[in-house]
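Architecture at a glance
Read off the chains here:
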Amino acid sequence: MGDYPDDYLLFDLPGQIEIFTHMDVVKTIVKYLQDHGYYVCSVYLLDVNTIVDMSKFIAGTLMSLSTMVGLETSHVNVLSKCDQLPASLKRKLDQYCECNFDELTLSTTQSDIPPRFAQLTSCITDLVTNYGLVNFVPLDIRDEESIRYVLGQMDECLQYGDDLEPKEFVDPEENELQMPEGADGPMMERLLQSALNT
């Protein structure tokens, strides 16, 4: 592979969970990249429409946990397509992002999860909660701040900017505040512009 200073290399992988749970292909690629000096961050996308059905959301969080444990990399979980979320569920979005299953399962109707699966569901949500690793970052492609926040989470996982020199603070009243070059990540502006132009 060539040298790509200050750039993200994106590997868009298919959604078949078997690739991450039953095969070592992706883990081998990750190890190769890390051995060659690349910082690796996994980004797991879960469609926000899964929160309409609690069983699908629980399955999605369990798959996320499985991917996190299997790949052993820095990891960001993203609830995508938040702009399509019904207004009735937007109020609960924080609970879903925090995977607060105690509150979520109490507020769902009995028809969401069949009674015969209640104990199994409880065990799975306890497993995810006990690991304490899974939470989500909401992504609304129409909101620039949302995109910046997701990319900032990725930069933090990759430790981008740790070796940059700190910039001197400029009082906004004296001068217009300028973002330090590279402060938002190497490709953030290009990704942001690309996302807003689609």
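Further up the page is the structure itself.
The structure contained in this document is the topic of the report that follows. Values in this document were obtained by computation on a predicted structure and should not be read as measured data.

So, the pattern of salt bridges
- Counted according to the given criterion, the structure contains five salt bridges.
- Its salt-bridge partner being Glu 72, residue Lys 27 comes within 3.5 Å of it at the nearest N-O pair. Here the residue Lys 27 occupies a position in helix H2 (residues 25–35), and Glu 72 occupies one in the loop between helix H3 (54–71) and strand E2 (74–80), the gap between them amounting to 45 residues.
- Under the relative-accessibility criterion, Lys 27 is labelled partly exposed at 32%.
- On the basis of relative accessible area, Glu 72 is assigned to the exposed category, the value being 58%.

Overview of the pairing of strand E1 (residues 41–47)
- Here E1 shows a buried face lined by Ser 42, Tyr 44 and Leu 46 and an unburied face lined by Cys 41, Val 43, Leu 45 and Asp 47.
- As a crossover connection, the stretch from E1 through H3 into E2 is right-handed.

As for H3
- Taking 1.5 Å per residue, 18 residues should reach 26 Å; H3 reaches 26 Å between its end C-alpha atoms and fits that length.
- If you check which residues of H3 are buried, you get Met 54, Phe 57, Ile 58, Gly 60, Thr 61, Ser 64, Leu 65, Thr 67, Met 68 and Leu 71.
- Looking one or two residues past H3, Glu 72 carries a phi angle of roughly 55°, positive in sign.

Some thoughts on the nonpolar core
- Ile 51, Phe 57, Leu 79 and Phe 136 are the most contacted members of the largest nonpolar core, which has 23 residues in total.
- The set of elements that each furnish at least two residues to this core consists of E1, H3, helix H5 (93–97) and helix H6 (101–107).
- Listed in part, the 10 residues of the second largest apolar core include Val 76, Val 78, Ile 147 and Val 150.

Digging into the pairing of E2
- Counting buried positions along E2 yields six of seven residues, so the element is predominantly enclosed.
- In this structure, E2 lies alongside strand E3 (residues 137–138), joined through two bridges in parallel fashion. Of the residues in E3, the one forming a bridge with Val 78 is Val 137.

About the thresholds
- Residues numbered from 1 in each chain as written.
- Predicted model: local features only at pLDDT ≥ 70, side-chain atom pairs only at ≥ 80, totals over all residues.
- Heavy atoms only, no water.
- Salt bridge = Lys/Arg side-chain N within 4 Å of Asp/Glu carboxyl O.
- Helix = DSSP H or I, 4+ residues; strand = E, 2+ residues; numbered from the N terminus.
- Buried < 20%, exposed > 50% of the residue type's maximum accessible area, 1.4 Å probe, protein only.
- Right-handed = clockwise from strand over helix to strand, strands pointing away.
- Expected span 1.5 Å × (residues − 1).
- Core = buried A, V, L, I, M, F, W, Y, C linked by side-chain atoms within 4.5 Å.
- Pairing = 2+ DSSP bridges.

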